[in-house]
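# Geometric and topological summary
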Amino acid sequence: MPELPEVQTVVNDLIDLGLCGRTIVKAKVHWPRCISGSEAESFCKSVQARRICKVSRRAKFIVLQMDCEQWLVIHLRMTGRFILKKTQKKISKHIHAEFFLDDQRRLQYHDTRKFGRFYLVKNPDEFFREYGPEPLEKGFTVDALVQIVNHRRRQLKPLLLDQKVIAGLGNIYVDEALWKAKLHPVQRAENLTLSQIRTLHRAIRAVLKKAIQNNGTTLGKGENNFSSATGGRGRNANHLNVFRRTGHQCLRCRCCIIKIIVAQRSTHICPSCQRLGQLS
């Protein structure tokens with residue numbers, strides 16, 4: 001599933017490709033179940049003749065603000081991606097929604113596994129009411145993270161994966177941040193020292209920024225693996241320190257990376273650098 005850096009990469013591409021300011025002349029939905037909360041026909045009528053004023057991201061969602069005080073919110077889920085190109089007659093069977101733009105291009109939604117969803121929203125603040133803070137925004141300070149970890153009696157990894165706690169983090173970047181901070185994923189959040197919280201705060205922001213600079217993480221060569229709106233593949237897989245490096249040497253201490261299961265999720269750690277209960 002695309003995480004914060006991958007979704008931000010798609011948003012950046014859509015902005016660079018000039019989606020902002022374009023008007024949706026008409027829309028077609030080829031697989032109605034990708035539309036949540038309304039019928040496909042009603043959805044198409046609602047977005048028709050609407051100008052896209054802004055393209056942004058919240059958590060793992062793409063957000064298109066339109067000129068009718070409505071927001072189109074999209075979750076890519078496992079295999080969703082956007083293609084923005086000139087109109088063509090023949091389309092892939094995996095194109096489930098199309099938005100015909102006023103410059104003769106189509107914004108096509110491609111999803112082989114059909115898990116992605118579109119939401120037409122009138123109040124985005126209400127839609128995202130239960131989501132936690134954005135880890136790259138100014139408001140996500142060390143003090144904010146102190147409040148998060150000190151008031152929750154949970155293991156670190158499931159806590160960081162909880163979108164109600166911090167928005168946008170997923171399996172890849174939680175593993176990477178915990179490795180960078182030298183913290184074990186099952187360590188209790190309420191037992192972290194202030195020094196460890198500071199280190200974790202820096203680690204979360206650093207791994208996310210690096211991944212965005214590398215246009216996200218693509219973990220394979222198949223069609224189902226992440227690609228951006230330009231068709232580009234994320235380069236961050238070459239810069240991962242621990243995720244999916246089971247059996248390889250830790251780049252910091254040369255110990256062998258292992259895989260364990262935490263909260264039913266595959267988790268990659270260095271058993272030497274990330275000893276349970278150690279002080280950073």
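Quick look at the structure, then. All residue numbers refer to positions counted from 1 along the written sequence of the respective chain. Restriction of local features to residues with pLDDT of at least 70 applies here, the model being predicted, together with a cutoff of 80 or more for giving and counting side-chain atom pairs; totals for whole chains, interfaces and linings are based on all residues. Processing note: side-chain calculations cover all non-hydrogen atoms of the structure and skip hydrogens and water entirely.

Now for the sheet that holds strand E7 (residues 95-101). Strand order in the open sheet formed by nine strands is E2-E9-E5-E4-E3-E1-E7-E8-E6, and the pairing between neighbours is mixed. The open sheet is flanked by strand E2 (35-36) and strand E6 (80-86), the only strands paired with a single partner. The pairing of strand E4 (residues 61-66) with strand E5 (residues 71-75) spans five bridges and is classified as antiparallel. The residue bridging Leu64 from the neighbouring strand is Leu72, located in E5. Relative to the sheet, helix H1 (residues 4-16) contacts strand E3 (50-58), E4, E6 and strand E8 (105-111), its axis offset from that of E3 by approximately 150 degrees. Across the face of the sheet, helix H2 (residues 40-47) comes into contact with strand E1 (23-29), E2, E3, E4, E5, E7 and strand E9 (117-121) while running at roughly 170 degrees to E1. Between any two strands, at least two bridges found by DSSP are needed for them to pair. Numbering of helices and strands runs from the N terminus, with a helix taken as a DSSP run of H or I at least four residues long and a strand as a DSSP run of E at least two residues long. Throughout, a contact is declared for two residues whenever any of their heavy atoms are within 4.5 Å. Angles shown run from 0 to 180 degrees and are taken between the N-to-C directions of axes, each axis being a line fitted to C-alpha atoms and, for helices, limited to the stretch in contact.

Glancing now at the packing of aromatic side chains. Note on aromatic contacts: the rings of Phe and Tyr and the six-membered ring of Trp form a pair at centre separations within 6.5 Å, being stacked when their planes are under 30 degrees apart, edge-to-face when over 60 apart, and tilted otherwise. The tally for this structure, following the rule as stated, stands at 13 aromatic pairs. Considering the side-chain rings of Phe61 and Tyr119, the 6.4 Å spacing of their centres and the 65 degrees angle between planes classify their relative orientation as edge-to-face. Pair noted here: Phe61 is in strand E4 and Tyr119 is in strand E9, with a separation of 58 residues, a long-range link. Each member of the pair, Phe61 as well as Tyr119, is classed as buried. Both rings, one in Phe61 and one in Phe127, keep their centres 5.7 Å apart while their planes meet at 90 degrees; by these two values the pair is edge-to-face. With a gap of 66 residues between them, Phe61 in strand E4 and Phe127 in helix H3 (residues 124-127) connect regions that are remote in the sequence. The class of Phe61 is buried, set by a relative accessible area of 4%. Summary of the burial criterion: residues with accessible area below 20% of their type's maximum are buried, those above 50% are exposed, and those between are partly exposed, where the area comes from a 1.4 Å probe applied to protein chains only.

In this section: the side chain of His96. With respect to the helices and strands, His96 occurs in strand E7. The buried category is assigned to His96, whose relative accessible area is 3%.

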